[in-house]
Amino acid sequence: MPKLHELAKTIRSKNAGVNQVTFDVIFPTREAYQRVVEGRALTRETMAALYSIAPERISDFVEFELANAIKFTIFRERPSGSPGDWDTLGCQFYGPLVDLDVP
Amino acid sequence: MADAAGRRTMRIMISTGHLGTAPSGGESFAAGMATNPDFLVADGGSSDPGPVYLGDNRVLGQFVEDELELFLTTSRARGIPLIIGSAGDAGSNHGVDETVRQLRAIAERHRIPKFRIGWFYSEVPTEDVAARLAQGERMPGLGGFPDLTVEEAGRATRIVAVAGVEPFIKLLDMGADVIVGGRCGDICFTAAPCIRAGFPPALAYHMGKMIECASLVAEPFMGKEAIIGTISDDEIVITPFHPGQRVTVASAAGHSMYERETPFFEHTLGGLLDMSDCAYSEVENRSTSITGARFIPDSQLRVKLEGARKIGERYMGIAAIRDPHVIRNLDAAIDWSRSASAKTFKDMPYELHYHVFGRDGVLKEMEPLRHLTPHEVCIVIEGLAQTETQAHKLVDFATRMFFLARIPNSKGSSGLAACSKQTMRSSPGFVWNVNHTMRIDDPLALFPTHIAEAGV
């Protein structure tokens, strides 16, 4: 079973405003994108389970065919840069996606 | 200007998506400037680095002066107007004043002939916001924030409103050669000159979106390299100036969704940029052409407010643990530090946060692998209290409690954590407490403009 990083070109996360973090997974080809979309490895449900968050914390989940990309956005536990938040830019939230198994 | 097909165009160059974080790439900058763009623009900041920059009037970048010097000297030498948005990171009045002061000093140092420098402010007095709320006005939250209350507005140390294109257009009308903007939308300092020149607002805002982070719109990944956006009445074309970069359909479409909740929409003061029907195509000069953006004007203007509230002074301590028995009982060690601190500092308000690197320091409760037992961990103890002295004492104690942790059946009796160096002072702790919208009638009302002469 391949890992997501073997199929994707870009896997990233970043702030989208001060209270949300958005994740972009971009594939080099339509085939790779389709494979992950159809394999259902990256869905609202699998992401809520992976990050142990309630599905309501995922504010947006979009399959963006034009860019061969899957994009989803979550609400933060607390606004970025608050005491207790280490990743002010949200730029390392994607970590667990890199080695995600893709059926 | 006109392109090869005889259409009128405007070309806007940018080399940094965050002024001063690192120097702009010299070669691509020179190559871009050599083509005589119509404007040079730069993003001076954003809310991204966190609330302390707004709350405490701090500047993040260590290369602000270097970049301002490069931008001012080269743009003035060619007579190209320079526009900087969200000056001083947060776009506070202090950030604007400080940027204007730096530009004036650079102009004098380089004996730059007289030019007109314009600036506008974005701060809104917290008491004005609180007073409007007290009269019953509703200010809905963005990004999951509840409606703003009088009390919360009053607790903000500083509030800025996020400007649209209008103050930039006004300053250009007043004859400014250089503009220093307070807090503004990241897409607005590019869109403003295009809209003023009569280009379609949808394309102007979309070009602002595409080039706001300079070379991040291109591939392969490189920061701080020059990009030029060219707008006509029909399309925008994004061109890289680093010879190793291309703007491709994938990189441009990928960037259109960067740092936003959805790939299709971007709000700005005055309306909504809709990118859902855009078409991208690769053209000559390693560039990509984009068409199809729509702009849907709002029926009622609502300006975004950003505000930061101070929590306290902050120190940080570091404790490193190698004893596997202590690591297996890490939560007990943290509980010990927390409860001992609660007892010792019971008479003062404080906050303690434990960042356990090696386990879940970045993601905390969201970390899928937090159940694994690492062989070594580093705990950063972040503590806040009302005064510096209290915060220092608190964090020093909470850190030492790992050294002195009481873990049943521990074999170690000489200290259960390796602690190095002194407890360190950090920036004061702030939180974003205002992330709301407020109704306005005039898009210029909150953003007073000023213009003066600079240079020699």
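Computed from a prediction, not measured in an experiment: that's the story for all the values here.

Undergrad: I'd love a proper account of the pairing of strand E3 (residues 82-89) of chain B, names of residues and values included.
TA: Residues and elements named next belong to chain B. Of all 8 residues that make up E3, 8 are buried, and the element is covered over most of its length. Where strand E2 (residues 39-45) meets E3, 5 bridges bridge the pair, whose relative direction is parallel. When the sheet's bridge partners are listed, Ala42 is paired in E3 with Ile84. Two strands pair when backbone bridges link them, and E3 and strand E6 (residues 178-180) are joined in this way by 3 bridges, in the parallel orientation. Looking at the pairing, Ile83 lines up with Ile179 of E6.

Undergrad: Any details on the sheet that holds E3 of chain B? Residues and values, ideally.
TA: Residue and element names in this part refer to chain B. Spatially, the 10 strands line up as an open sheet ordered E11-E12-E8-E7-E1-E2-E3-E6-E4-E20, and their pairing is mixed. Only two strands of the sheet have a single partner each, and these edge strands are strand E11 (279-283) and strand E20 (449-454). When the angles between neighbouring strand axes are averaged without regard to direction, this sheet yields 20 degrees.

Undergrad: Give a description of the interface of chain A and chain B that names residues and reports values.
TA: Counting residues at the interface gives 41 residues for chain A, matched by 38 residues for chain B. Of the residues that constitute the side of chain A that touches chain B, the class distribution is 18 nonpolar, 17 polar and 6 charged.

Undergrad: Go over the sheet that holds strand E3 (residues 58-64) of chain A, please, and point to the residues and values.
TA: Residue and element names in this part refer to chain A. Reading across from one edge, E1-E2-E4-E3 is the order of the 4 strands in this open sheet, with antiparallel pairing throughout. Whereas interior strands pair on both sides, the edge strands pair on one side only; in this sheet they are strand E1 (10-15) and E3. For this sheet the average axis-to-axis angle between neighbouring strands, irrespective of direction, equals 10 degrees.

Undergrad: Before we move on, could you go through the pairing of strand E14 (residues 302-321) of chain B and cite the residues and values that matter?
TA: The side chains of a regular strand alternate between the sheet's two faces. Residue and element names in this part refer to chain B. Counting buried positions along E14 yields 16 of 20 residues, so the element is predominantly enclosed. Alignment of strand E5 (residues 158-161) against E14, held across 4 bridges, turns out to be antiparallel. Among the inter-strand pairings, Val160 is bridged to a residue of E14, identified as Glu306. Note that E14 and strand E19 (residues 429-439) share 10 bridges and pair antiparallel. By the bridge assignment, Glu306 is partnered in E19 with Asn435. Of the pairings in the sheet, the one linking E14 to strand E16 (residues 377-385) comprises 9 bridges and is antiparallel in character. Bridge assignment links Ile321 to a residue of E16, and that residue is Val377. Where E14 and strand E18 (residues 424-425) come together, 2 bridges link them in antiparallel fashion. Opposite Tyr315, over in E18, you have Arg425 as the bridge partner. Relative to strand E17 (residues 418-419), E14 is paired through 2 bridges, and the arrangement is antiparallel. Of the residues in E17, the one forming a bridge with Ala320 is Ala418.

Undergrad: So what's going on with unusual backbone geometry? Residues and values would help.
TA: All names here are of chain B. Here Glu219 and Pro220 are connected by a cis peptide whose omega angle stands at -5 degrees. Within the secondary structure, Pro220 sits in the loop between helix H9 (201-211) and strand E7 (227-231). Phi is positive for Asn36, close to 55 degrees, though the residue is something other than glycine. Tracing the sequence through the fold places Asn36 in the loop between helix H1 (26-33) and E2. Residue Asn36 is classed as exposed on the basis of its C-beta count, with 12 C-beta atoms lying within 10 Å. With a phi angle near 65 degrees, Lys224 is a residue other than glycine that sits in the positive phi range. Among the secondary structure elements, Lys224 is positioned in the loop between H9 and E7.

Undergrad: Break down the environment of Met13 of chain B for me, citing the residues and quoting the values.
TA: All names here are of chain B. Its location among the elements puts Met13 in strand E1 (residues 10-14). Residue classification places Met13 among the buried positions, given that 28 C-beta atoms sit within 10 Å. Between the alpha carbons of Met13 and Pro240 there is a distance of 9.8 Å; along the sequence they are 227 residues apart. With near-sequence residues (within four places) excluded, Met13 lies in contact with Gly32, Met33, Pro37, Leu40, Ala226 and Ile228.

Undergrad: Any chance you could break down the confidence of the model for chain B for me, citing the residues and the numbers?
TA: Scored by pLDDT, chain B has a mean of 96; 100% of the residues are at 70 or more. Overall fold confidence for the complex sits at a pTM of 0.94, while the interface term, ipTM, reaches 0.96.

Undergrad: Outline H1 of chain B, listing residues and values.
TA: Residue and element names in this part refer to chain B. Within H1, burial applies to Ser28, Phe29, Gly32 and Met33. The arc that holds every buried residue of H1, seen down its axis, measures 130 degrees, which confines them to one face. Lining the buried residues of H1 we find E1, helix H3 (64-78) and E7.

How each quantity is defined
- Residues numbered from 1 in each chain as written.
- Chains lettered and ligands numbered in written order.
- Predicted model: local features only at pLDDT ≥ 70, side-chain atom pairs only at ≥ 80, totals over all residues.
- Buried ≥ 20, exposed ≤ 12 C-beta atoms within 10 Å, placed from the backbone.
- Helix = DSSP H or I, 4+ residues; strand = E, 2+ residues; numbered from the N terminus.
- Pairing = 2+ DSSP bridges.
- Axes fitted to C-alpha atoms, helices over the stretch in contact; angles between N-to-C directions.
- Contact = placed C-beta atoms within 7 Å.
- Nonpolar A, V, L, I, M, F, W, Y, C, P; charged D, E, K, R; others polar.
- pLDDT = per-residue confidence, 0-100.
- Arc of directions from axis to C-beta.

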